[in-house]
Amino acid sequence: MENKTGTYFKYAIGEIILVVIGILIALSINNWNENRKNSNEEIAILQSLDKNLILAKKQSESLVSTEKDSKAVLLLVLGIDTITDKNSISDNIFKDAFWSLENNIPVINTYADLKNSNKLGLIKNQKIKEKFTSLEVNLNKLKGFLDDRLHVQQIRIDDVSENEINFIPLIKSSIPTINITNEKQNNYEQIINNQRIRNLLGIKLNMTQDVLNYRENLDKEIKELIMLIESELHKYK
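Reference entry: report on the structure contained in this document. Please read all numbers here as calculations on a predicted model, not as lab measurements. (Residues numbered from 1 in each chain as written. Predicted model: local features only at pLDDT ≥ 70, side-chain atom pairs only at ≥ 80, totals over all residues. Heavy atoms only, no water.)

A few words now on the nonpolar core. If you look at the biggest cluster of nonpolar residues, it comprises 25 residues, and the most contacted ones within it are Leu49, Leu53, Ile108, Ile128, Phe132, Leu135 and Ile229. Residue assignment for this core shows that the elements contributing at least two residues are helix H1 (2-78), helix H3 (109-116), helix H4 (126-163) and helix H7 (195-235). Broken down by element, this core gets its largest block of residues, eight residues, from H7. Not counting residues within four places of it along the chain, the set of residues in contact with Ile128 comprises Leu46, Ile123, Leu225, Leu228, Ile229 and Glu232. Core analysis: the next-biggest nonpolar cluster, separate from the first, contains 22 residues, Ala97, Phe98, Phe167 and Ile191 among them. (Core = buried A, V, L, I, M, F, W, Y, C linked by side-chain atoms within 4.5 Å. Buried < 20%, exposed > 50% of the residue type's maximum accessible area, 1.4 Å probe, protein only. Helix = DSSP H or I, 4+ residues; strand = E, 2+ residues; numbered from the N terminus. Contact = heavy atoms within 4.5 Å.)

Here it is in structure tokens:
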């Protein structure tokens, strides 16, 4: 009986060990499959972010260029750039100085979608996640600057176009077929010498420079993020 009990005990222990080993193998396979699934999903996420950021970079470059053009026109109209001939101020240039305003920001939809779906955790590289957090903060700051500039534009600068100039000649750039022969021509040198108008344009110039600085920093951040993501994707090849 003692021999049989010992045999049964050994057999039971062996069975338990085999079951434990089986469970560990199953768990290991399951973890491997889960890790492989997460890695594949992470790669797809990074690829999507990369494509989105490349498009955002092109948009950002275009927006930076537009701000530079707006700054150049404001400098020209105010006569504080290298070209000081006020006779070079045409209806089109004056219209651009007063009315031209770029209020768009680069669109990065993929990041917003990932954030809303709680999938950002699949990105293992902590530096990438930190860069996106910084990018989001700076996008919000840029939006704040744009809103402030738009407020000044709508409340104060547009008032000049309404009350202190003849706006009809400025429409010809948009509607070339209109006849402005009998319209009173604007004396832009006299208009620009008005201190109130100069100050309003100066405020717009100052705010445009602030926006330009933010846009350039944002453009740099997007470029750095693209490089980080593409470097991370290279590890999976």
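Past the structure itself, the notes keep going.
Moving on, we come to the side chain of Glu67. The topology assignment puts Glu67 in helix H1. Glu67 gets classed as buried once you look at its relative accessible area, which sits at 1%. At 3.0 Å, the side chain of Glu67 forms a polar contact with the side chain of Arg215. Apart from the residues within four sequence positions on either side, Glu67 is in contact with Glu102, Arg149, Thr208, Val211, Leu212 and Arg215. (Polar contact = N/O pair within 3.5 Å; in protein donor to acceptor, adjacent residues only side chain to side chain.)

Another aspect to go through is H3. Within H3, burial applies to Thr110, Tyr111 and Leu114. The buried residues of H3 occupy an angular sector of 100° when projected down its axis, which confines them to one face. (Arc of directions from axis to C-beta.)

Following the sequence through the fold, Asn186 ends up in the loop between helix H5 (168-171) and helix H6 (188-193). For the pair Asn186 and Asn166, spaced 20 residues apart in the sequence, the C-alpha separation amounts to 6.4 Å. The contacts of Asn186, once residues within four sequence positions are left out, are Asp91, Ile165, Asn166, Pro169, Leu170 and Ile191. A distance of 2.8 Å separates a polar atom in the side chain of Asn186 from the backbone nitrogen of Asn166. A polar contact of 3.2 Å, which involves the side chain of Asn186, links it to the side chain of Tyr188.

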